[in-house]
Amino acid sequence: MKLRTKLIGAFGALTLLLVISSGAGLTFMYIMRLQTDAIINTVLPIVKLAKDVHRSTYQYHVAAGQTVFADDHGAASANSRRFAEATAAAMAQLEGYVRGPGEELLMAVQQNFRQYRSILDQVEAYSA
């Protein structure tokens, strides 16, 4: 076999290897882009909404405590109602995203929040 034939064969093999590896790299980059889009469009809104529920629940808890123990009951009561509505709205938005066991968990959280609100409303009524 001549040297020229060997060089042409080696060059052809390297070219084929370059094409295959480039194609595989581009395919994996495309798959990673799809995964990133799925995370950005699905997971991040759910995490943001869950954080909003947690944050507004905490703010409602603090505002309800101020309603009970503060001197200005009217402003503190309006503040706690505002945070309660924000919490309920965030949980309602979350309903569109959850499915299966997550839906049952969200319903339990909503039920617990309603009970928590009713107890704090009773406490607020007694303290006024």
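For the structure, check the block above.
Below is a short write-up of the structure. (Residues numbered from 1 in each chain as written. Predicted model: local features only at pLDDT ≥ 70, side-chain atom pairs only at ≥ 80, totals over all residues. Heavy atoms only, no water.)

Using the criterion set out here, one finds 2 aromatic pairs in the structure. Sitting over the ring of Phe83, Arg82 keeps its end group 4.5 Å from the ring centre. (Phe/Tyr/Trp six-rings, centres within 6.5 Å; stacked < 30°, edge-to-face > 60°. Lys NZ or Arg CZ within 6 Å of the ring centre and 35° of its normal.)

Glancing now at the nonpolar core. By size, the foremost hydrophobic cluster in this structure holds 14 residues, and its most contacted members are Tyr60, Met91, Leu106 and Phe113. Only helix H1 (3-69), helix H2 (73-95) and helix H3 (101-127) provide two or more residues apiece to this core. Setting aside residues up to four positions removed in sequence, Tyr60 forms contacts with Ser80, Phe83, Ala84, Phe113, Tyr116, Arg117, Leu120 and Asp121. (Core = buried A, V, L, I, M, F, W, Y, C linked by side-chain atoms within 4.5 Å. Buried < 20%, exposed > 50% of the residue type's maximum accessible area, 1.4 Å probe, protein only. Helix = DSSP H or I, 4+ residues; strand = E, 2+ residues; numbered from the N terminus. Contact = heavy atoms within 4.5 Å.)

We now examine the environment of Ile46. With respect to the helices, strands and loops of the structure, Ile46 is situated in helix H1. For Ile46, a relative accessible area of 26% translates into the label partly exposed. C-alpha of Ile46 to C-alpha of Leu94: the two residues are 48 residues apart in sequence and 6.8 Å apart in space. Residues contacting Ile46, with those up to four places away along its chain left out, are Leu94 and Tyr97.

The next subject is the side chain of Gln110. With respect to the element layout, Gln110 can be found in helix H3. Its relative accessible area of 9% is what places Gln110 among the buried residues. Sequence-distant contacts of Gln110, that is, excluding residues within four places in its chain, are made with Met91, Ala92 and Glu95.

Our focus in this paragraph is the pattern of salt bridges. Should the charged atoms of two oppositely charged side chains come close, the side chains can pair. If you walk through the whole model with that rule in mind, you get 3 salt bridges. Asp37 is the partner of Arg33 in a salt bridge, and the nearest nitrogen-oxygen pair spans 3.4 Å. With Arg33 and Asp37 both in helix H1 and 4 residues apart, the pair spans about one turn of that helix. A residue is classified by how much of its surface remains accessible, and Asp37, at 31% relative accessible area, is partly exposed. (Salt bridge = Lys/Arg side-chain N within 4 Å of Asp/Glu carboxyl O.)

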